[in-house]
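Structural description and commentary
Next come the chains, spelled out residue by residue.
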Amino acid sequence: MTTLKKQDFIDRAVEVLKENDRGGYTVPTKGLYPFQWNWDSCLTALGQRHFDEARAWIEIETLFQHQWPDGMVPHIVFHVHDDGYFPGPDVWRSGRPTPTSGITQPAVAGFAVRRLYDNATDKQAAARRARALLPKIDAWHRWFYENRDPQKEGLVAIIHPWESGRDNSIDWDAAFERVPTHGVEPYVRRDTQHANPKHRPTKEQYDRYLWLVQHFRSLEWDNSKLHDASPFQVVDPGFNAILIRSCADLAVLAADLGEPALAQANRDRAEKGQAAMEKLWSEEHGQYLCLDRVIGRLIDSASIGGLLAAFSAVPKARAEVISNTIGKLAERAHFLVPSHDPADPRFDAKRYWRGPCWLVVNYMIADGLFAAGQTAMAERITQSSLELIAGSGFAEYYDPLDGEPLGGGRFTWTAAMVLEFVQAA
Ligand code: DGY
């Protein structure tokens, strides 16, 4: 491990998690993100389990209290009023009793709940809590395939870049051109008041993000219409791999807890999805690629989404190639895993998802590589992540070339991942 001692990592990470705890949910960071975010919370619970198991379950239970009647779990829950974030509930107008956004985020809940359950010291409480969450997570998985996979291909599309969590990835650039910038209501960004504007998405991207929000709002957030009505429909291998992994994990959990029908439904989803992922494989890039569903073509962009695909049970030969591809990235970047290939002229070392390293993605890639027997690369990613922490603290993301901390500071999910990583290191 690096110069920091294991206990130092743990103490500092726990401090960040406690500082951002708002009772039943944890904010990603003070100021920049003052509410509950969907995948942030599920991954946060994995950190919380190391020092307060009961609190970890609450994090996910709170999120699912705000699940929509159709099964969708929204990407933000606006528990409190806070003018420091834009776009707030007055823009989304999703009509929920506690305001929420109207789109979703990567479905890590199934994976997180299985990990909480498998490692629980209070097995009885864990079984009770997992059993209560099972049908809710199952309903979310069903929602995805019903609403985002209209042709029943086994792969779901995102209809807004914010759904992927990789907001301004180079992956979306070409497809995003189809989203208009005119007709967007006047707005004032808040993110650039909390973080360096050079580390955040551009104004043009924000215009398009908001155009989509207004468009979906005009359709009254009716999920049976939104997919087909969206000019942006992208099948992201990382997003699908997370969903497939969660389906597979929920299947194991359901079987363990005596819910065979629910287990079978999720096993079927995972198997169909995993087989369909092969359509996204690129021999040339040595990784999976996104598919622009509107034009039916793969997107020529070697981003981390196609490496994150290792999180689901990809064939062992694919995991080996992905591991080699990451090895090549390591020749061009000091820290792993850059969110885009530094050799691509579109790479930007400091701008959000166009180059920087993110610990949550490192964690999921490393987890998949460990499972596929790519242990050396998985360990290398773990070490690189801890080196970033030791040198630059608990940032939102990091420059892969010089390790500069970027975006928000004292970041919750970064701290949560550190607690997971130190167990493996
Ligand atoms: C933001 O506001 O930056 C978020 O990524 C949207 O969820």
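Quick summary incoming for the structure in this document. Worth saying up front: this structure is predicted, and the values here are computed from it rather than measured. Counting starts from 1 at the beginning of each chain's written sequence and moves along it residue by residue. Local features are withheld for residues below a pLDDT of 70 in this predicted model, meaning they are given only at 70 or higher, and side-chain atom pairs are given and counted only at 80 or more; totals for whole chains, interfaces and linings count all residues. With hydrogens and water excluded, all non-hydrogen atoms of the structure serve as input to the side-chain values.

Broken down by element type, the protein carries 18 helices and nine strands. Dimensions of the protein, computed from the C-alpha atoms along their principal axes, are close to 55 × 50 × 45 Å. Summary of the burial criterion: residues with accessible area below 20% of their type's maximum are buried, those above 50% are exposed, and those between are partly exposed, where the area comes from a 1.4 Å probe applied to protein chains only. The buried share of the protein, taken over its 425 residues, is 64%. Sequence-distant contacts, at least 24 apart, represent 71% of the contacts inside the protein between residues at least 6 apart. When the 47 positive and 56 negative side-chain charges of the protein are each reduced to one mean point, those points stand 1 Å apart. Under the DSSP-based scheme used, a helix requires at least four consecutive residues in state H or I and a strand at least two consecutive residues in state E, with every element numbered from the N terminus. Every residue pair with non-hydrogen atoms within 4.5 Å of one another is taken to be in contact. Asp and Glu count as negative and Lys and Arg as positive, but His and the ends of the chain are not part of the count. In plain terms, the charge of a residue is placed at NZ if it is Lys, CZ if Arg, CG if Asp and CD if Glu.

Attention now goes to the site of the ligand. Throughout this document, a residue counts as near a molecule or strand when at least one of its heavy atoms sits within 4 Å of that molecule or strand. The environment of the ligand is formed by Tyr33, Trp37, His75, Tyr85, Trp162, Asp167, Arg200 and Tyr352. Pairing of N or O atoms within 3.5 Å defines a polar contact, subject to two protein rules: one partner must be a possible hydrogen donor and the other a possible acceptor, and residues neighboring in sequence count only if both atoms are side-chain atoms. A distance of 3.1 Å separates an oxygen atom of the ligand from a polar atom in the side chain of Trp37. Each accessible area is a Shrake-Rupley estimate made with a 1.4 Å probe; only the visible protein chains count as cover when residues are assessed. Compared with its free state, where it exposes 230 Å², the ligand has 95% of that area covered by protein. For each structure, a 1 Å grid was placed over the protein atoms alone; sets of points admitting a 1.4 Å probe that cannot get out are labelled cavities, open sets with protein on both sides within 12 Å along at least five of seven lines are labelled pockets, and lining residues have an atom within 4 Å of a point. Occupancy of a cavity or pocket is assigned to a molecule whenever over half of its atoms lie within 2 Å of that pocket's grid points. Put simply, the ligand lies in the largest cavity. Put simply, Ala, Val, Leu, Ile, Met, Phe, Trp, Tyr, Cys and Pro go in the nonpolar bin, Asp, Glu, Lys and Arg in the charged bin, and everything else, Gly too, in the polar bin. Along the lines of polarity and charge, the residues of the shell around the ligand split into five nonpolar, one polar and two charged.

Attention now goes to unusual backbone geometry. Here Phe86 and Pro87 are connected by a cis peptide whose omega angle stands at 0°. Looking along the chain, the bond that leaves Leu336 and enters Val337 is cis, with omega of -10°. Examined against the element boundaries, Val337 turns out to sit in the loop between α15 (316–332) and α16 (359–371). For Lys152, which is not a glycine, the phi torsion comes out positive at approximately 55°. For Lys152, the location among the structural elements is in the loop between α6 (123–147) and α7 (161–164).

Time to look at the pattern of salt bridges. Any carboxyl oxygen of Asp or Glu within 4 Å of a side-chain nitrogen of Lys or Arg constitutes a salt bridge here. Under the definition given, this model contains 33 salt bridges. For the salt bridge of Arg115 with Asp367, the shortest nitrogen-to-oxygen distance reads 2.9 Å. Of the two residues, Arg115 is situated in helix α5 (residues 109–118) and Asp367 in helix α16; the sequence distance between them amounts to 252 residues. A residue is classified by how much of its surface remains accessible, and Arg115, at 21% relative accessible area, is partly exposed. Classification of Asp367 by relative accessible area gives buried; the value is 14%.

This next bit is on the nonpolar core. Counting residues in hydrophobic clusters, the biggest one holds 144 residues, and the most contacted among them are Leu43, Ile326 and Ile365. The greatest single-element share of this core, amounting to 10 residues, is contributed by α6. Not counting residues within four places of it along the chain, the set of residues in contact with Ile326 comprises Leu307, Leu336, Val337, Ile365, Leu369, Met377 and Ile381. To define a nonpolar core, start from buried Ala, Val, Leu, Ile, Met, Phe, Trp, Tyr and Cys residues and group those joined through side-chain atoms within 4.5 Å.

A probe as big as a water molecule, rolled over the atoms, marks out the empty space that is left. Grid points are joined across faces, edges and corners, and a volume is the space filled by probe spheres set on the points. Volume-wise, the largest pocket comes out at about 280 Å³. Looking at the lining of the largest pocket, the elements that each hand over two or more residues are α12 (237–256), α13 (260–276) and α16. The biggest single contributor to the lining of the largest pocket is α12, with four residues. Class assignment of the residues belonging to the lining of the largest pocket gives a composition of 10 nonpolar, three polar and four charged. Taken as a whole, the second largest pocket spans an internal volume of roughly 190 Å³. Split into classes, the residues belonging to the lining of the second largest pocket amount to seven nonpolar, two polar and four charged.

Bringing the packing of α6 against α13 into the picture now. Following both chains from N to C, one finds α6 and α13 inclined at 35°, their axes separated by 11 Å at the closest point. Handedness of the crossing formed by α6 with α13: left-handed. Every residue of α13 that contacts α6 at Leu134, Pro135, Asp138, His141, Arg142 and Tyr145 is listed here: Leu262, Asn266 and Arg269. Considering only residue class, the contact of α6 with α13 consists of four nonpolar, two polar and three charged. An axis is simply a line fitted to the C-alpha atoms; with a helix, the fit covers only the stretch in contact. Between two such axes, the angle follows the N-to-C directions and lies from 0 to 180 degrees. By definition, turning the near helix anticlockwise from the far helix through less than a right angle yields a left-handed crossing, and turning it clockwise yields a right-handed one.

Multiplying 1.5 Å by the residue count of a helix minus one yields the expected span of that helix. For α15, with 17 residues, the first-to-last C-alpha span of 25 Å sits near the 24 Å given by 1.5 Å per residue. For α15, the full list of buried residues reads Ala319, Ile322, Ser323, Thr325, Ile326, Gly327, Leu329 and Ala330.

The next subject is empty space enclosed by the protein. This structure, assessed with the given rule, holds two cavities of 30 Å³ or more. Volume-wise, the largest cavity comes out at about 220 Å³. Lining the largest cavity are 19 residues; nearest its centre among them are Tyr33, Trp37, Gln105, Asp167 and Tyr352. Its boundaries defined by the atoms lining it, the second largest cavity holds a volume of some 30 Å³. What lines the second largest cavity is simply Trp39, Pro106, Ser164, Arg166, Asp236, Gly238, Phe239, Ile242 and Leu308. By residue number, the principal contributor to the lining of the second largest cavity is α12, which donates three residues. Of the residues that constitute the lining of the second largest cavity, the class distribution is five nonpolar, two polar and two charged.

Any functional reading would require information beyond the geometric quantities listed.
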